[in-house]
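Read off the chains here:
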Amino acid sequence: MSFLEHLDELRTRLMVSAIALFAGFLVALIFIRYVFDFIMLPLQQALPPGGRLIYTEPAEAFLLRLKIAALIGAVLAAPVVLWQLWVFVAPGLYANERRYVLPFVIFASAFFFGGAAFSHYVLFPLAWRFFASFGSDYVEFLPRIQPVFSLYAKLMLGLGLVFQMPTLVLFLARIGVVTPGMLARQFKYAVLAIFIIAAVITPGPDIVSQLLVAGPMLILYGLSIGIAWVFGKRRKGEA
């Protein structure tokens, strides 16, 4: 395709993705009461007895519901967005490589949902309890709902993207950019990069939450080496 045809194709994929995101937003908005309770109730229960989440701006609670709907809408629309991404890059692949479209979308969606679930059920509750543990007779923890949700969304989206590592390696291995031998040789640098990313994603300085992020990433990196070995192109003299 020409450059203008590529731009037109990109516009089409972006429009379809935007429609999917908006549809997910509307679905989440319809069920916002249940979604709001699903996210906020465990946070309130982790506070000291009698503790509650607060808001200090008139529109803060209302805008929070819209932001929650946008976040859940993005999660719901993830398979469609990933499908559009594949359709956009597929013309540059060989015919035998295009058959991986369904595994790509399935794996990418599953890993994204897995990262989001890991954040919701494991990482964020532990980080939240850590922050809530510093209350005393002199200091009362009264968290505002807006920064709490910002932290929640950052961790959920961050873990969802981090869990895309095997899917990204699958794509790069199929086009011959990475090989299992290359990934294995770069393991020590990958460990350093993983702990840096874990330090950026996690909200606090405690080593426990950073290990909770770095641990699954190391497992995913090992899984990525296996994926590159199974699906990657073989190079002469390369494992």
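Everything here concerns the structure above.
Here the structure is a predicted model, which is why all the values come from computation and not from measurement.

Each value, and the rule that gives it
- Residues numbered from 1 in each chain as written.
- Predicted model: local features only at pLDDT ≥ 70, side-chain atom pairs only at ≥ 80, totals over all residues.
- Heavy atoms only, no water.
- Helix = DSSP H or I, 4+ residues; strand = E, 2+ residues; numbered from the N terminus.
- Buried < 20%, exposed > 50% of the residue type's maximum accessible area, 1.4 Å probe, protein only.
- Contact = heavy atoms within 4.5 Å.
- Areas by Shrake-Rupley, 256 points an atom, 1.4 Å probe, with all protein chains shown as cover.
- Axes fitted to C-alpha atoms, helices over the stretch in contact; angles between N-to-C directions.
- Parallel < 35°, antiparallel > 145°, perpendicular 65-115°, else oblique.
- Nonpolar A, V, L, I, M, F, W, Y, C, P; charged D, E, K, R; others polar.
- Phe/Tyr/Trp six-rings, centres within 6.5 Å; stacked < 30°, edge-to-face > 60°.
- Expected span 1.5 Å × (residues − 1).
- Bend = angle between axes of the 7 residues up to and from the residue.
- Core = buried A, V, L, I, M, F, W, Y, C linked by side-chain atoms within 4.5 Å.

(A) Representation of the overall build of the chain. For the chain, the count of helices and strands is 10 helices and 0 strands. In sequence order, the secondary structure elements of the chain are arranged as α-α-α-α-α-α-α-α-α-α. In the chain, buried positions account for 42% of the 239 residues. Looking at the chain alone, contacts between residues at least 24 apart form 83% of all its contacts between residues at least 6 apart. Accessible surface, the chain: about 13,600 Å² in total, of which carbon and sulfur atoms supply 72%.

(B) Layout of the packing of helix α2 (residues 32–45) against helix α3 (residues 60–89). Viewed as axis vectors pointing N to C, α2 and α3 meet at an angle of 90 degrees, and their least axial separation amounts to 10 Å. When the axis of α2 is compared with that of α3, the two are roughly perpendicular. Note on element contacts: α3 touches α2 through L64, R65, I68, A69 and I72, opposite I32, V35, F36, I39 and M40. A breakdown of the residues in the contact of α2 with α3 according to their chemical character gives 9 nonpolar, no polar and 1 charged.

(C) Fine view of the packing of aromatic side chains. In total, this model carries 8 aromatic pairs according to the counting rule given. When the ring of F38 is compared with that of Y121, the centres are 6.4 Å apart and the planes differ by 75 degrees; the resulting orientation is edge-to-face. Taken together, the residues span a long stretch of sequence, with F38 in helix α2 and Y121 in helix α5 (residues 101–132) at a distance of 83 residues. For Y121, a relative accessible area of 56% translates into the label exposed. Centre to centre, the rings of F187 and Y221 are 5.9 Å apart; their planes meet at 55 degrees, and the pair counts as tilted.

(D) Broad picture of α3. A rise of 1.5 Å per residue sets the reference length of α3, with its 30 residues, at 44 Å; its end C-alpha atoms lie 40 Å apart and thus fit the reference within 8%. Within α3, the axis deviates most sharply at A77, by approximately 50 degrees, and proline P79 lies no more than four positions further along.

(E) Layout of the environment of L82. Looking at the secondary structure, you find L82 in helix α3. The sequence separation of L82 and S109 amounts to 27 residues, and the corresponding C-alpha distance is 7.5 Å. With near-sequence residues (within four places) excluded, L82 lies in contact with F104, V105, A108 and S109.

(F) Layout of the nonpolar core. By size, the foremost hydrophobic cluster in this structure holds 52 residues, and its most contacted members are M40, L53, I68, F124 and F149. At the level of elements, α1 (3–30), α2, α3, α5, α6 (145–162), α7 (165–174), α9 (187–201) and α10 (207–231) are the ones that each hand at least two residues to this core. The dominant element in this core, judged by the number of residues it contributes, is α6, at 10 residues. Discounting residues that sit within four places of it in the chain, F149 has contacts with M40, L64, K67, I68 and L71.

(G) Expanded view of the environment of I19. Position of I19 among the secondary structure elements: in helix α1. For the pair formed by I19 and V81, sequence separation is 62 residues and the distance between their alpha carbons is 9.8 Å.

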